[in-house]
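Listed below, chain by chain, are the residues.
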Amino acid sequence: MERVDVAIVGAGIAGCLAARNLARQGKKVLLIERLPKDRLGHNWWDSVEECVFAEVGLPNPVPPERMNPTGAVRIFSPMETVNFVSDALSYKPNVNRRHLAQRLIGYALDAGSRFIDRTAAVGPVIENGAVTGLIYRTADGSTTQVNAKITIDASGMSGVLRSKLPERKEFPRFIAREDTFVTWREIRENQGMPETESMLVFGKQNGVRWIKRAQKGYVDYFAGTINNNGRPSPHAIVREMLEATTGYGPEILMGGYGAPIPVRREFDSLVANGFMLTGDSGCQCNPLDGSGILSSLLAAHHASRVALEALDAGRFDEEALWPYNPAYKRTQGAKYSPNEMIQKFLLAAPKPSLEALFTKGILSKDTFRQDPDKPKQSKLAMLPKILKLGIVKPSFTVKLVKVFSAVDKFGEHYKQFPENYNPAEFDLWATRAKQLFDISRG
C-alpha cells in the first residue's frame, strides 16, 4: 500500500496547481490522470482575466500560450432580430488550454509531485466515515490502494470519487442533466474574412453559439445547449452554421469534438472528512458559459493553502478543511453563483418576451460589459426602465422582478457564508440559499 500526504485525481488546471503548491512545501503528493501526459488540456483556447495568475502565484502566460483577446463581439438576440457590438471580452486575453496544461504539469513535476498518467481512479477508500485514500488502476490493469491524509477530487464534471461517495446533503454524487451544457467546437482556417469579425447568439434553442475570428488565421465555431430531453445536437448546430457561412477551410485544425460542462453554481460545501473538491468536480465555473480557468486556479489556490495548514496541524477532518469553503465562496463564489439564476431565467424565458428586452434596449451592450475597473450595476436598477416601457406581459415582469431581486440578494448571501465550521449555522445558510434560488425560479 502506498502512503502519501495528498492524493489528487485529475491533472487539469486545479489538480496540477494544487499538486505544485503542496509538493513545493515538502508534502508527498500523488497526482493521477486517465489521459496521456501529452494530451492534457483541451485542444482550443478560452479567455481569462490575466490578473488571476499573479493572484495564485503563477507567471503570466506568454505566446504561444497567451493569445489575442476575443475583442469586440456582435451579440444577437435569440430570434436574431436585434444585434449590437459588445467589448465585454476585449480586455481578457485568450489562453491556449493545451499549452497552459503542459506548463502546469511541468510545475507540478518540478515541485516533486509523483505523477502517473493513463491511470483511472477506481474509487475512494472510506474508513469510519472519512475518505482515507483511493484505489487506482494503471494501463496494465493492475490496481493499487493509496493511503492519503487528504484526497482531492479534481477529475472534472464526472467527479469520479465524488460519484462513489455515500449520498450527502452538502454536495450531490451526480450533477443533474439540466445543470450541464453539451457542446461542440471546431476551429478551422480563416479564409479571407476580417479577423475581428465575431458573433454570438444567446438563447437560441436554449443555448449559446458563436463564430469568432479573433485569432490570426483561425475561425472558431461553437454551439452549446442545455442537456434536456429532446435537445438539439450541438454538432448538428455547428454543421448548420458552417452551411450558412463562408470563409473557412475544409479541415478541422483544433477541437472537432464536444465536451459536457457544468453550468450551475458550486456545491453548498466543497469538503468532507479527508476530502476536497476543486474545479469542475465542485462545479466551480461561470454558470453563464461554463468557463472555469479562473475559478479552477482560485479554487486550487485556496484548497492547497487550507490543506497545507491541515497537514501541518495533523488534522484532516471536515472542520480542519472547512476554511476552504468561505475563502472561495465569499469571493469568487459570490461573483459567479448568482449567474446561475440569470442563465436559467434567460434560457427558460418565452422567446418573444426575451426578444422584447433586446428590442427595447433593456438588454444591451452595457448589460454585457465586464469592465474590471467599474463595479457592476445592481440588476434591480434596470427594473424602473422595464416597468415604464411596459414591454412584456405582467406575468413576465413579475418573474423578472423576482429574479433580479434574488440575484442581488444571492451574491450578498454568499459573502456571508459561515467562516467557522458549525453544522447548524451551515444548514441555515444552505436553507436560505435554496429559498432564494427557488424564488428566482418560481
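Residues numbered from 1 in each chain as written. Predicted model: local features only at pLDDT ≥ 70, side-chain atom pairs only at ≥ 80, totals over all residues. Heavy atoms only, no water.

Peer 1: Would you mind going over the nonpolar core in detail, with residue names and values included?
Peer 2: Counting residues in hydrophobic clusters, the biggest one holds 112 residues, and the most contacted among them are Ile8, Leu31, Ile150, Met276, Leu297 and Tyr324. A per-element tally of this core places helix H5 (residues 293–313) first, with twelve residues. With near-sequence residues (within four places) excluded, Leu297 lies in contact with Ile13, Leu17, Val52, Phe53, Val56 and Leu58. Grouped together as the second largest cluster of nonpolar side chains are nine residues, Ile211, Val219, Met241 and Leu242 included. (Core = buried A, V, L, I, M, F, W, Y, C linked by side-chain atoms within 4.5 Å. Buried < 20%, exposed > 50% of the residue type's maximum accessible area, 1.4 Å probe, protein only. Helix = DSSP H or I, 4+ residues; strand = E, 2+ residues; numbered from the N terminus. Contact = heavy atoms within 4.5 Å.)

Peer 1: Would you mind going over helix H9 (residues 351–359) in detail, with residue names and values included?
Peer 2: Taken residue by residue, H9 has Ser353, Leu354, Glu355, Ala356, Leu357 and Phe358 as its buried positions. Immediately downstream of H9, the backbone of Gly361 shows phi near 80°, a positive value.

Peer 1: Can you break down the packing of aromatic side chains residue by residue, with the values?
Peer 2: Per the stated rule, a full pass over the model turns up 16 aromatic pairs. Relative to Phe426, the ring of Phe417 has its centre 6.1 Å away and its plane inclined at 65°; by these criteria the two rings are edge-to-face. There is no split in this pair, since Phe417 and Phe426 are both buried. A ring pair is formed by Phe417 and Trp429, whose centres lie 4.7 Å apart and whose planes are at 75°; its orientation type is edge-to-face. (Phe/Tyr/Trp six-rings, centres within 6.5 Å; stacked < 30°, edge-to-face > 60°.)

Peer 1: So, the pattern of salt bridges: which residues are in play, and what are the values?
Peer 2: Under the counting rule described, the total for this entry stands at 25 salt bridges. A salt bridge links Asp5 to Lys149, with the shortest nitrogen-to-oxygen separation between them at 3.1 Å. Linking Asp5 in strand E1 (residues 2–9) with Lys149 in strand E9 (residues 143–153), this pair joins segments that are 144 residues apart in sequence. We classify Asp5 as buried; its relative accessible area is 13%. One salt-bridge network, held together by shared partners, links Asp46, Arg97, Arg185 and Asp220. (Salt bridge = Lys/Arg side-chain N within 4 Å of Asp/Glu carboxyl O.)

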